[in-house]
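# Per-entry structural report
Each chain is listed here by its residues.
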Amino acid sequence: MTLKGWTVFSLVRAMTLVFVMGMVAAVFSAAEAAERRSLVLNATDSYRPFTDVTINGVETSALLDTGATIPLIGDKFLEFEPVTDSALVTDDTAARILGIGGHKFYPVSRLPKLSAGDENWTDLRVAVNTENRYPIQKSVLPISIFETRVVDFDFGNRRVYLYDGKPKRVRRARRASVPYQDVNSLLIVPIRINGVSGRALIDTGAEISFLNPAFANQSRATLDEERTALLRGSDMTNNRASIYRFRRIVIAENEITRITLPVFDTELFAELGFGDEPMMILGMDLLQHFRLQVDREQRRVHFNRSVNPRRYTAERDATSMANGITVR
């Protein structure tokens, strides 16, 4: 090969190397960008997903709640003048928020600045928690606030990933998914208990899971009289709760066996629009066993679990309910 030939060959090789390096850099940049679009979850005893946020320049933490429909912010973070005349209360001045005790109305205001990780919002419509009325310890953010296709809860690694495109494959995990029904930005999925079909609200803001009496009765669950007596002697008496034993719960092909759960006679289920239909709230005592991926474009929830999941058999207090769980 002539010197000129070697020169041309070297030039082509150099250009190829530059192109490959550029492609590699682009891939790593995309990976870094994806990594940046994630939220770190704080370590808590309840497994509920709290993350650090900044509200109007004040650093604090907030709960990432799939069971919320509007951000709920403490009044200490902003100045506002709530409407006191009930005749003037409208959807623009008050937010209706559901709970075990029924619904409550919170005043609404505009929040100048909010950030979580690299996510930023300005002039955000929020419900305001006036501490002398409804005290809470932390602010609440609904996942509907994030404008990405997928919200990916990696509870085991204490991360929430936000990205577009299809839900990521999880190594050494089995995936099963179910469609969800969007009810005012809430995620309602099908579920089976003791062979009976019903529906469940995925609620990362709930520490414990619970059912309505219709689901317990139709699934022929067994009343745990001893634990019910302990529960009714606790501070949860006013919630009219009983404890039942369930043989088998199936969520997206995943089985949860040998479980005790509370059954609440509460207006919450009717307020959600399901009346006396079999209905359940899926809280973090059960959700923590999965990597939960919400695909809002396809309206599906993906449940990823380890191929060799650990056996969960911890005994807990009567008010913790979900002791003796096996997920398989």
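Residues numbered from 1 in each chain as written. Predicted model: local features only at pLDDT ≥ 70, side-chain atom pairs only at ≥ 80, totals over all residues. Heavy atoms only, no water.

## Section: the overall build of the chain
Here is the rule: Strands here mean DSSP runs of E at least two residues long; helices mean DSSP runs of H or I at least four residues long; both are numbered from the N terminus. Between two residues, a contact is recorded if the distance between any of their heavy atoms is within 4.5 Å. Here the Shrake-Rupley method, with its probe set to 1.4 Å, supplies the accessible areas, and only the displayed protein chains count as covering residues.
On a plain count of helices and strands, the chain comes out with five helices and 22 strands. Within the chain, contacts between residues separated by at least 24 positions form 64% of all contacts whose residues are at least 6 apart in sequence. On the chain, roughly 17700 Å² of surface is accessible, and the fraction owed to carbon and sulfur atoms is 50%.

## Overview of the environment of A221
Residue position: A221 is located in the loop between α2 (213-218) and β16 (222-223). Residues contacting A221, with those up to four places away along its chain left out, are N194, A216, Y244, R245 and F246.

## Things to note about the sheet that holds strand β9 (residues 150-154)
Formally: In short, DSSP must find at least two bridges between two strands for them to pair. Helix axes are fitted to C-alpha atoms over the stretch in contact, other axes to C-alpha atoms as well, and angles between N-to-C directions run from 0 to 180 degrees.
Spatially, six strands are ordered β1-β10-β9-β20-β21-β11 in an open sheet, and the strand pairing comes out antiparallel. Pairing within the sheet leaves two strands with one partner each, and these edge strands are β1 (38-40) and β11 (173-179). This sheet shows a mean twist of 15 degrees between the axes of neighbouring strands, independent of strand direction. Taken together, the seven bridges between β11 and strand β21 (residues 300-306) define a ladder with antiparallel strand orientation.

## Considering the pattern of salt bridges
Put simply, the rule is: Any Lys or Arg side-chain nitrogen located within 4 Å of an Asp or Glu carboxyl oxygen qualifies as a salt bridge. For every residue, the accessible area obtained with a 1.4 Å probe (protein chains only) is divided by the maximum for its type, and the residue is called buried under 20%, exposed over 50%, and partly exposed between those limits.
Evaluation of the coordinates by the stated rule reveals nine salt bridges. Of the charged contacts, one joins R291 and D152 as a salt bridge, the two residues approaching to 2.8 Å between their closest N and O atoms. With R291 in strand β20 (residues 291-295) and D152 in strand β9, this residue pair connects regions lying 139 residues apart in the sequence. The exposure class of R291 is buried, given its relative accessible area of 16%. As a salt-bridge pair, D224 and R245 come within 3.4 Å of each other at their nearest N and O atoms. With D224 in the loop between β16 and α3 (225-232) and R245 in strand β17 (residues 241-251), this pair connects stretches of sequence that are 21 residues apart. R245 sits in the partly exposed class, given a relative accessible area of 43%. Beyond isolated ion pairs, a larger network of salt bridges with shared partners links R149, D295 and E297.

## Focus: the packing of aromatic side chains
The following threshold applies: Pairs were defined over the aromatic rings of Phe, Tyr and Trp, the Trp ring being its six-membered one, requiring ring centres within 6.5 Å. Orientation was assigned from the angle between planes: stacked under 30 degrees, edge-to-face over 60, tilted for the rest. Sitting over a ring, as applied to charges here, requires NZ of Lys or CZ of Arg to be within 6 Å of the ring centre and within 35 degrees of the ring normal.
Counting across every chain of the model gives five aromatic pairs. Ring plane angle 20 degrees and centroid distance 5.5 Å describe the contact between F153 and F155, whose orientation is recorded as stacked. Taken individually, F153 and F155 each receive the classification buried, so the pair is uniform in this respect. Between F210 and F269 the ring centres are 6.0 Å apart and the planes differ by 75 degrees, which places this aromatic pair in the edge-to-face class. Here F269 lies in helix α4 (residues 268-271) and F210 lies in strand β15 (residues 210-211), a separation of 59 residues in the sequence. Judged by its relative accessible area of 4%, F210 falls in the buried class. Through pairs of rings, three or more aromatic residues link up here, namely F210, F264 and F269. Over the face of the ring belonging to Y161 we find K168, whose NZ or CZ atom lies 5.3 Å from the ring centre. Here the guanidinium or amino end of K168 rests over the ring plane of Y163, the centre of that ring lying 4.7 Å away.

## Here we look at unusual backbone geometry
Phi at N184 is positive, roughly 55 degrees, even though this residue is not glycine. Mapped onto the fold, N184 is located in the loop between β12 (181-183) and β13 (186-193). The exposed category is assigned to N184, whose relative accessible area is 64%. Even without glycine at this site, A252 takes up a positive phi of about 50 degrees. Here A252 is to be found in the loop between β17 and β18 (254-264).

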